[in-house]
Amino acid sequence: MTVQESLAGLDLRAEIDRLRKEKNAVILAHYYQKPELQDLADFVGDSLELSRKAAETDAEVIAFCGVKFMAEVAKILSPQKTVVLPDLNAGCSLEDACPPQAFRAFREAHPDHIALTYINCSTEVKALSDIIVTSSSAEKILAQIPRDQKIIFGPDRHLGGYLARKFDREMLLWPGVCIVHEAFSETELLKLKAQHPAAPIAAHPECPPTIVDHADYVGSTSGILNYAKAMEGDTLIVATEPHIIHQMQLALPHKTFIGAPGADGNCNCNICPYMALNTLEKLYLSLRDLTPRIEIEEPLRLAAKKSLDRMLDMASGTVGLGDLGAR
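Source: prediction; values computed, not measured.

**Q** Which residues make up the packing of helix H4 (residues 47-56) against helix H5 (residues 68-77), and what values go with them?
**A** Close contact between H4 and H5 brings their axes to 9 Å; oriented N to C, the two are set at 35 degrees. Crossing geometry of H4 relative to H5 is assigned as right-handed. Residues Ser-47, Leu-48, Ser-51, Arg-52 and Ala-55 of H4 form the contact with H5, whose participating residues are Phe-69, Met-70, Val-73, Ala-74 and Leu-77. Class assignment for the residues of the contact of H4 with H5 results in 7 nonpolar, 2 polar and 1 charged.

Okay, structure coming up:
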């Protein structure tokens, strides 16, 4: 019997609600999750702020509908809580692009550099880093680092390149990319802009320069959502994973949001395949069985927490500002 057959006839939403109460669980959903997961989550938002919010609750279990590095951050910040991820194969192309041993060797080859590392990386890479950044905190943190301090930025070369250009800072960039944001097409974006000349473009800084250079606003997922709320026009072109549009439509039903196209002229190729692995069925099973669990050895957790704490100290007031929606 398949998993689908064994769950046939179950009201999954009702069962998830029952288990949420029974297990004293909080359900988190990243903006890139499917709408049905966003709609039943206790909190919807960007990855770090979700973990911080969960740490503030009295929940004993955190069910993180996102990807593995996000659930690991939740465990780093809430070691006493049980953290489950509906599908343990929900990874990240940026994390995959930066193996810890290779990053360690790179750091050792450049001992006069500090490592400013994007949060989209493994716990092991966080432990090898000096300061973690998010897309919402990176600018404030970089502005505090002396100009004569040499910097390694990884694993996203597009975010690092965007910061280097904006601040006129030379940085050694790790060559990783997000496969979702890499998929946007400049040619197709310009075609879309020609069809909607009055519509501004909002882009995530994980996009390549060919996309970012056309954007009216560049910022984190939560920043793009806030921009959509503040803009005066009624149409916005959105260059990030298209599931964020669900929250925009809920908050702003009178406005129109158009996903930036990929090379084939549509946005289907820009759906994150890792985020898509999480489903209602898998969330139900993870709450029922409390698996798959995120486990991190304590010395590694503490080493990774140092770089996260450094970020929070330097960027207090910016991390996750205004990016949470309560259920």
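**Q** Lay out the sheet that holds strand E9 (residues 201-203) in plain terms, naming residues and giving numbers.
**A** Taking strand neighbours across the sheet as the criterion, the 4 strands line up as E10-E9-E11-E12 in an open arrangement whose pairing is parallel. Each edge of the open sheet is held by one strand with a lone partner, namely strand E10 (217-218) and strand E12 (256-259). Judged from the 4 bridges that link them, strand E11 (residues 235-239) and E12 form a sheet pairing that is parallel. Pairing of Leu-236 across the sheet is with Phe-257, part of E12. With respect to the sheet, helix H12 (residues 186-195) is in contact with E9, E11 and E12, its orientation differing from that of E11 by roughly 175 degrees.

**Q** So what's going on with unusual backbone geometry? Residues and values would help.
**A** A negative phi angle characterises most non-glycine residues, just as the trans form characterises most peptide bonds. In this model, Gly-154 is joined to Pro-155 through a cis peptide bond whose omega is -10 degrees. Backbone torsion omega between Thr-291 and Pro-292 reads -10 degrees, so that peptide bond is classified as cis. Structurally, the position occupied by Pro-292 is in the loop between helix H16 (280-289) and helix H17 (298-314). Although it is not a glycine, Asp-168 sits at a positive phi angle of roughly 50 degrees. Within the secondary structure, Asp-168 sits in the loop between helix H10 (157-167) and strand E8 (172-173). Unlike most non-glycine residues, Leu-290 shows phi in positive territory, near 55 degrees. With respect to the element layout, Leu-290 can be found in the loop between H16 and H17.

**Q** Report on the side chain of His-243, specifying residues and quantitative values.
**A** Position of His-243 among the secondary structure elements: in the loop between E11 and helix H15 (244-251). Within the structure, His-243 has its side chain in polar contact with the backbone oxygen of Tyr-32 (distance 3.3 Å).

**Q** Tell me what's going on with the packing of aromatic side chains, and back it up with residues and numbers.
**A** Summed over all chains, the structure comprises 3 aromatic pairs. When the centroid spacing of 5.7 Å and the interplanar angle of 65 degrees are considered together, the rings of Phe-103 and Trp-174 count as edge-to-face. Of the two residues, Phe-103 is situated in helix H7 (residues 100-109) and Trp-174 in the loop between E8 and helix H11 (179-182); the sequence distance between them amounts to 71 residues. In terms of burial, Phe-103 and Trp-174 fall into one category: buried. Ring geometry for Tyr-217 versus Tyr-227: centroids 4.9 Å apart, planes at 10 degrees, classification stacked. Of this pair, Tyr-217 sits in strand E10 while Tyr-227 sits in helix H14 (residues 221-230), placing them 10 residues apart in sequence. You can call Tyr-217 partly exposed: its relative accessible area is 24%.

The rules behind these values
Residues numbered from 1 in each chain as written. Predicted model: local features only at pLDDT ≥ 70, side-chain atom pairs only at ≥ 80, totals over all residues. Heavy atoms only, no water. Axes fitted to C-alpha atoms, helices over the stretch in contact; angles between N-to-C directions. Helix = DSSP H or I, 4+ residues; strand = E, 2+ residues; numbered from the N terminus. Left-handed = near helix turned anticlockwise from the far one by under 90°. Contact = heavy atoms within 4.5 Å. Nonpolar A, V, L, I, M, F, W, Y, C, P; charged D, E, K, R; others polar. Pairing = 2+ DSSP bridges. Polar contact = N/O pair within 3.5 Å; in protein donor to acceptor, adjacent residues only side chain to side chain. Phe/Tyr/Trp six-rings, centres within 6.5 Å; stacked < 30°, edge-to-face > 60°. Buried < 20%, exposed > 50% of the residue type's maximum accessible area, 1.4 Å probe, protein only.

Any functional reading would require information beyond the geometric quantities listed.
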